[in-house]
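Spelled out, the chains give:
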Amino acid sequence: MKRIIQLLKWRAYHFWLGLKMISIRKKDRIRFLFILQELSQWKTESLYKAMLDHPRFEPILGITQNPEYPGSEKTVAKYCLEKGYPVVSLDPRKTISEQLEVDMLMHQKPYYIEINPAHRIESNPGIPTVYVPYYLSLITEEWTVNARATLLAWRLFFDNAEDSDSWSKMNKLHGLNYCVTGLPMMDEMLIPQADLVDDWPVKDNRKRIIYAPHHTIGDYHWEGIAYSTFLDYCQFMLEMRDKYKEQVFFVFKPHPHLYSNLVDYWGEEKARSYYAAWADEDSSQVRVNDKYLSLFKYSDAMIHDCSSFTIEYMFTGNPVLYLERDSHHADNMSATAARAYGLHYKAWSEKDIESFIQRVIAGEDPLAGERRQFVNTNLRPPHGKSACENIINAILGKEEYHR
């Protein structure tokens, strides 16, 4: 009975949101707030810029702390200052309504543990929230499909219809608020390499390989996302860096949360020492919290166990190696992610990793054609438009998005 009552409350709330959006769509200008906490996971910058250029929107960048990772907001503020973006500093103790007059808002992520309580949907029920995932469709775990923030959002935007339909089958509201538009990060990842500045620190003939480990070491993970092989291969990867320094320049790009987990697991001194070992300007570099589009596009290959990169790196067309932890990795993957994963080379041992590095140096890549076809077939927004155009049309209820 409690479950039925809760479902009725959620549906009533969405009915009210629909009425609220009717009035918002009649406004000359819609004040839209982006709540930002971490730079590397800000995947809606292109949507912000599209709204800046649109006569119906007044986008606002609000920067606040992540309760789990205090200090990450400083990198966002620095980046926005360099870009000339005006920002608002949000007080984590006050609701959005108490600080700003906005019509709609968007969080970076749906994880309530990482959202200040005063900024959550329940604390700001009068402001319709939209959710744009910071990753392309990856897993179909119950806790992701039915996360409270996604159930209460006015719209949850999807990258493709196949995965939207799959989520709907597990969703308590049966996809009531789902909308397939493509994601802004798809627009960004489809930008040609020639339109980007090469920000790699070396410009010689060495191959450029990214090592991107996930943060889920030991027991530091949620159900269904125990990916990390870092503790198995962290020292070996440094050995590979040293062994192939004449042929390869490595970038160590760990998940932003790996360091804090390592501090808990190893202690701060050992964690700091390991990161410092990669900051060798002659053969490697550390990249953690910055934007990484150019890093990807100007690389030659990637070695990783980071879930979101399973699809994202496909846009480069470059060879990519997945570091296997067990034989069940694909069990909870979305259909799109499973296809992308199938186009990875796989490593179950140190020998497999070194063989991949040697193939990259030699220019051997038999899966190249299949990866290009995968991008063209699976990773383009619908309706022949950009994802940002589709999202704006969905908010305004225009063209292909009338509801």
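Residues numbered from 1 in each chain as written. Predicted model: local features only at pLDDT ≥ 70, side-chain atom pairs only at ≥ 80, totals over all residues. Heavy atoms only, no water.

The two faces of strand β12 (residues 320-323) match: V320 and Y322 on one face and L321 and L323 on the other face are all buried. Across 3 bridges, β12 lies against strand β13 (residues 345-347) in parallel orientation. Looking at the pairing, L321 lines up with Y345 of β13. (Buried < 20%, exposed > 50% of the residue type's maximum accessible area, 1.4 Å probe, protein only. Helix = DSSP H or I, 4+ residues; strand = E, 2+ residues; numbered from the N terminus. Pairing = 2+ DSSP bridges.)

Bringing helix α2 (residues 45-52) into the picture now. Along α2, the residues that are buried comprise E45, S46, L47, Y48 and M51. Tucked inside the fold, the buried residues of α2 contact β1 (30-36), β2 (57-63), α3 (73-83), β4 (104-107), α8 (184-189) and α17 (387-396). (Contact = heavy atoms within 4.5 Å.)

Here we take up the packing of α2 against α17. Interhelical geometry of α2 versus α17 gives an angle of 60° and a closest axis separation of 9 Å. One finds that α2 runs oblique with respect to α17. The element α2 and its partner α17 pack so that their crossing is right-handed. Contact with α2, carried on its side by S46, L47, A50 and M51, involves C388, I391, I392 and I395 of α17 and no other residues of that element. By residue class, the composition of the contact of α2 with α17 is 7 nonpolar, 1 polar and no charged. (Axes fitted to C-alpha atoms, helices over the stretch in contact; angles between N-to-C directions. Parallel < 35°, antiparallel > 145°, perpendicular 65-115°, else oblique. Left-handed = near helix turned anticlockwise from the far one by under 90°. Nonpolar A, V, L, I, M, F, W, Y, C, P; charged D, E, K, R; others polar.)

Phi is positive for H174, which is not a glycine, with a value near 55°. The topology assignment puts H174 in the loop between α7 (161-170) and β7 (178-180). Residue classification places H174 among the exposed residues on the basis of a relative accessible area of 58%. Despite not being glycine, H383 has its phi angle at roughly 70°, a positive value. Inspection of the secondary structure puts H383 in the loop between α16 (368-378) and α17.

Attention now moves to the nonpolar core. Counting 88 residues, the largest nonpolar core has F32, F34, W42, M104, F157 and I395 as the members making the most contacts within it. Setting aside residues no more than four positions away along its own chain, W42 makes contact with L36, Y48, L61, Y79, C80, Y85, Q108 and K291. One finds F250, V288, A347 and I357 within the second-largest nonpolar core, a separate group that totals 33 residues. (Core = buried A, V, L, I, M, F, W, Y, C linked by side-chain atoms within 4.5 Å.)

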